[in-house]
Amino acid sequence: MTHRQPLPGTPVSELDTPCLIVDLDALTHNIGVIARRYEGTGVQLRPHAKNHKSPVIAALQMRAGNTVGGVCAAKVSEAEAMVNGGVRSVLVANQIASPAKARRLAALAARAEVIAAVDAPEHVRLLGDAARDAGVTLGAVIEVNTSMRRAGIRAVEQAPPLAKLIAETAGLRFRGIMSHQTISGFPSREERYKVGGGYFARVMEVKTAIEQAGVPVEIVSTGETWTYDVAADTPGVTEVEGGTYVFMEMGYDYMTEFRIAGRVLGTIVSVPEPGLAIGDVTVEAIGAPNGTPSVEGMPGVRVRALTHRGTVLESDGRTPLRPGERYTLLTHQQDVTMNRWDEYVVVRDGVVVDVWPVAARGRHH
Amino acid sequence: MQRPLSVAPGASVDRLDTPALVVDLDTFERNARRIHAAIEASGIRLRPNAHAHKTPALAWLQLGMKGAAGGVSVVSLGEAETFAASGIGDLLLTMPVVTPGKIARLCALTRHADVVVPVDDAANVDALGRAAEVAGVRLPVAVDIRTDAGEPGAAPDRVMGLARHIDRAPALRFAGLMTSLGPVSAGDSTDAVRDREIGSAATLTSARADCERAGLRVGICSIGDVVASFAALAAMPGLTEIRSASYALADGNHLPRMDGVGWRPAARMLTMVTSRPEPSRAIVDCGQKAISRDLGLPSVDGRPDLTIAGLSAEHGFVDTRDGSPLDLAIGDLLWLVPADAAGAFGLHDIVHGVRGETVEAIWDVAARGRYD
């Protein structure tokens, strides 16, 4: 971890590299888009903290309005970072599988509203035991698989008995259901509504089945950036677990109402032959799970490879590459990139305005 | 900052909060000794590439073995600062340092450690020379020879000119020659990796002979990162040191191409089954944010019947290869072998040193995040 932080007022051009910068205007714009869209609708945002891992950004999201007043977290230790940063409600969109982690979640429930996702009776037992031991109430939602074949119940019939089990378990409170979905490629608005709407219809089937079994469903938590608008037009969805929209990424650039807010700056350290350069942003500093990052603002320059030693850049000649020159990379998966950094260097109009810790970086427990 | 549940040294390894980065110390030492033994008699020294683990405690284990060089190699100046602070006084940077701010830091660090910096550009030699003069230090500088298309370095016919340029600068010292090999990729055969290593070494030693004929003293002649041909390189006259990132950790990308047979991975991730949504699928708590899939997917150690079907940011997908029912329950533990150990270390603040079934030490991955 580095101990040097740029002072406010430092021009972006003078930042040491590699450096992760966040454009405050773009960030504020993105947060505002969803806050305004949900005004007067039946749906609210539950911002996903896994994307920014920052209580500061969570506070900006909640201040913008039309949120549930809390966040999602992917892990128990991430939820702790959010509660420690002042967040009052956390939905851990993941399964608790060990007594120790359940105890830790129960301890957190003494200070905030805590809801966890379950998809099997074992999770219910672990959470119930921990909640009773700690003398707290833990909320539980059933995770429903609709698109990713990840965790989550696979059949509608699994939901009513699990909901009843939760409702009957002392220390737990059944809150509802959650489901997460992805889409690949560059879908049109019509495709997003069709595919996303289809997923939401399956979520609603589960809701109806649970209600028909006599258990009230208070929370229907589903959708992401690519369906934030679909969710607002789908009666019954109560909250959206949106996260990507905050920083945006190249894979989501069909969502044109949002702007890129996160960038990694690098410096060329070697030009071993014309048209080929090595820069100082390593694979660890940005991550490349969905393909190599894009180069911004240098026509004809692309990333040929990303290694532990740096970025291999190649140019078709339109933009000459020189040692000492700066370059800017745009990630294809923002949350993986943000998890590689200890701090956000926050900039506006080309000047540093603040530095925010990535408080939950590395909190994968 | 990472915050696992507290487990003290002396505890059983299955008590670790998951996902947990674990180094099996017996395996780490056995792997490292094996390579050190292969080269020891030749007089060539093994310089561990500490970027592989970013952990001073592991670097010191490597440097304590016979056959080790006096220090480590690193990628970034931030890593150099971290390892120097741990007491290592001999460092080799393997990427050029070009910006004024970083050159000033390098000059400052030179007062605490011997840090050799590579160059492939005359303007960079001038910038280093001016800064060193102002700072009142003498920087040891090596000429980086390009022997791999994706790496920095000067073409062989420019090496002599750069060496003389360094030699003439009053505040610089010509330290010798080095070359860096690119990463091993999935499609490379062991023979291809070995041919590349030996070919690069031949270019390097030939440049050394040229320099010496011209009256330049070549201190170091360093090749890295070597994977496949330690014994063959040790027999080549003219090389002084071999750098290697993978030799002690032996990760998934390097294991199939390493010199000889019988290697075991030393770095592994302990992960827990959190969901059993389908008969032949388990979900584990180790995803891309804990192990990375930038340079390949992990495998499940000791379970050739299982495959990692995918990693999302927070989850791993474990399937049976043949679609048969899976014998795992929620709460069960699995060991994952990272494809890229260096990437996995880069995601953790701490690494657990384990011997047998017992946690022996908990160490800071002190250079994690030091991309600077």
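In this text, all values refer to a predicted model and were calculated from it rather than measured experimentally. (Residues numbered from 1 in each chain as written. Chains lettered and ligands numbered in written order. Predicted model: local features only at pLDDT ≥ 70, side-chain atom pairs only at ≥ 80, totals over all residues.)

J.: How should the overall build of chain B be read in this particular structure?
T.: Of regular secondary structure, chain B possesses 10 helices and 17 strands. In terms of C-alpha radius of gyration, chain B reaches 22 Å, essentially the compact-globule figure of 21 Å for 372 residues. Overall size of chain B, expressed as C-alpha extent along the three principal axes, is 70 × 40 × 35 Å. Of all 372 residues assigned to chain B, the portion counted as buried reaches 56%. Restricting to contacts in chain B with at least 6 residues of sequence separation, those with at least 24 account for 68%. (Helix = DSSP H or I, 4+ residues; strand = E, 2+ residues; numbered from the N terminus. Rg over C-alpha atoms; globule rule 2.2 N^0.38 Å. Buried ≥ 20, exposed ≤ 12 C-beta atoms within 10 Å, placed from the backbone. Contact = placed C-beta atoms within 7 Å.)

J.: When you look at the overall build of chain A in this model, what are you seeing that I'm missing?
T.: When its secondary structure is counted, chain A shows 10 helices and 17 strands. For chain A, the C-alpha radius of gyration of 22 Å lies close to 21 Å, the compact-globule estimate for 365 residues. With the C-alpha coordinates of chain A rotated into their principal frame, the extents come out at 70 × 45 × 35 Å. Taking all 365 residues of chain A together, 57% fall into the buried category. The long-range fraction of contacts in chain A, counting pairs at least 24 apart against all pairs at least 6 apart in sequence, stands at 68%.

J.: Which parts of the structure should I look at to understand the interface of chain B and chain A?
T.: Interface size, as often reported, equals the accessible area lost upon joining of the parts. Taken together, the contacts link 55 residues of chain B with 51 residues of chain A. Every element with two or more residues in the side of chain B that touches chain A is listed here: β10 (267–278), α9 (288–291) and α10 (341–345) of chain B. Sort the elements by how many residues they give to the side of chain B that touches chain A and β10(B) lands first, with 7 residues.

J.: What's the story with the nonpolar core in this structure? I'm lost.
T.: Soluble globular proteins tend to pack their nonpolar side chains together in the buried interior. Judged by nonpolar contacts, the single largest core of 234 residues is most densely connected at A:Leu105, A:Ala116, A:Leu127, A:Ala140, B:Leu93 and B:Val141. In this structure A:Leu105 touches A:Val76, A:Val92, A:Ile96, A:Val114, A:Ala116, A:Ala130 and A:Leu138, once residues within four positions along its chain are discounted. (Core = buried A, V, L, I, M, F, W, Y, C linked by C-beta atoms within 7 Å.)

J.: How do you make sense of helix α6 (residues 159–168) of chain A when you look at a structure like this?
T.: For an α-helix, 3.6 residues make a turn, and residues three or four places apart therefore share a direction. Residues and elements named next belong to chain A. Within α6, the full set of buried residues consists of Ala-159, Leu-162, Ala-163 and Ile-166. Down the axis, α6 shows its buried residues gathered within 100 degrees of arc, on one side only. In α6, the exposed residues that point more than 90 degrees away from the buried face are Pro-161 and Glu-168. Against the buried residues of α6 lie α5 (121–134), β6 (138–143), β7 (172–179) and α7 (189–212). (Arc of directions from axis to C-beta.)

J.: It is not clear to me how the domain arrangement of chain B should be interpreted in this structure. Could you clarify?
T.: All names here are of chain B. Along its sequence, chain B is organised into domain 1 (13–22 + 263–364) and domain 2 (25–251). The centre of domain 1, based on its C-alpha atoms, is set 33 Å off from the matching centre of domain 2. Mapped by element, the contributors of at least two residues to the side of domain 1 that touches domain 2 are α10, β16 (350–355) and β17 (358–364). Residue contributions to the side of domain 1 that touches domain 2 peak at 4 residues, all from β16. Taken together, the residues of the side of domain 1 that touches domain 2 sort by class into 13 nonpolar, 3 polar and 4 charged. (Domains from an automatic or database assignment. Nonpolar A, V, L, I, M, F, W, Y, C, P; charged D, E, K, R; others polar.)

J.: Is there a simple way to explain the environment of A:Arg175 in this structure?
T.: Residue position: A:Arg175 is located in strand β7. As a C-alpha pair, A:Arg175 and A:Leu138 span 37 residues in sequence and 9.7 Å in three-dimensional space.

J.: Before we go on, may I ask you to explain the sheet that holds strand β6 (residues 139–145) of chain B in this structure?
T.: Pairing between the strands of a sheet comes from backbone hydrogen bonds, and it takes one of two forms, parallel or antiparallel. Residue and element names in this part refer to chain B. In spatial order, the strands read β2-β9-β8-β7-β6-β5-β4-β3; together these 8 strands make up an open sheet with parallel pairing. Two strands in the sheet have a free side with no partner beyond their single neighbour: β2 (45–48) and β3 (72–74). Taking the axes of each pair of neighbouring strands and ignoring which way they run, one obtains an average angle of 30 degrees across the sheet. Where β3 meets strand β4 (residues 90–93), 3 bridges bridge the pair, whose relative direction is parallel. Bridge pairing in β4 places Val-72 opposite Leu-91. (Pairing = 2+ DSSP bridges. Axes fitted to C-alpha atoms, helices over the stretch in contact; angles between N-to-C directions.)

J.: Please explain the packing of helix α3 (residues 77–85) of chain B against helix α4 (residues 100–109) of chain B as it appears in this structure.
T.: Helix-helix packing is characterised by the crossing angle of the two axes and by the distance between the axes. Residues and elements named next belong to chain B. Between α3 and α4, whose axes approach to 11 Å, the crossing angle comes to 20 degrees. Taken together, α3 and α4 sit at an angle that is classed as roughly parallel. Pair α3 / α4 crosses with left-handed handedness. Touching Leu-77, Ala-80, Glu-81 and Ala-84 of α3 are Lys-102, Arg-105, Leu-106 and Leu-109, all from α4. Broken down by class, the residue content of the contact of α3 with α4 amounts to 5 nonpolar, no polar and 3 charged. (Parallel < 35°, antiparallel > 145°, perpendicular 65-115°, else oblique. Left-handed = near helix turned anticlockwise from the far one by under 90°.)

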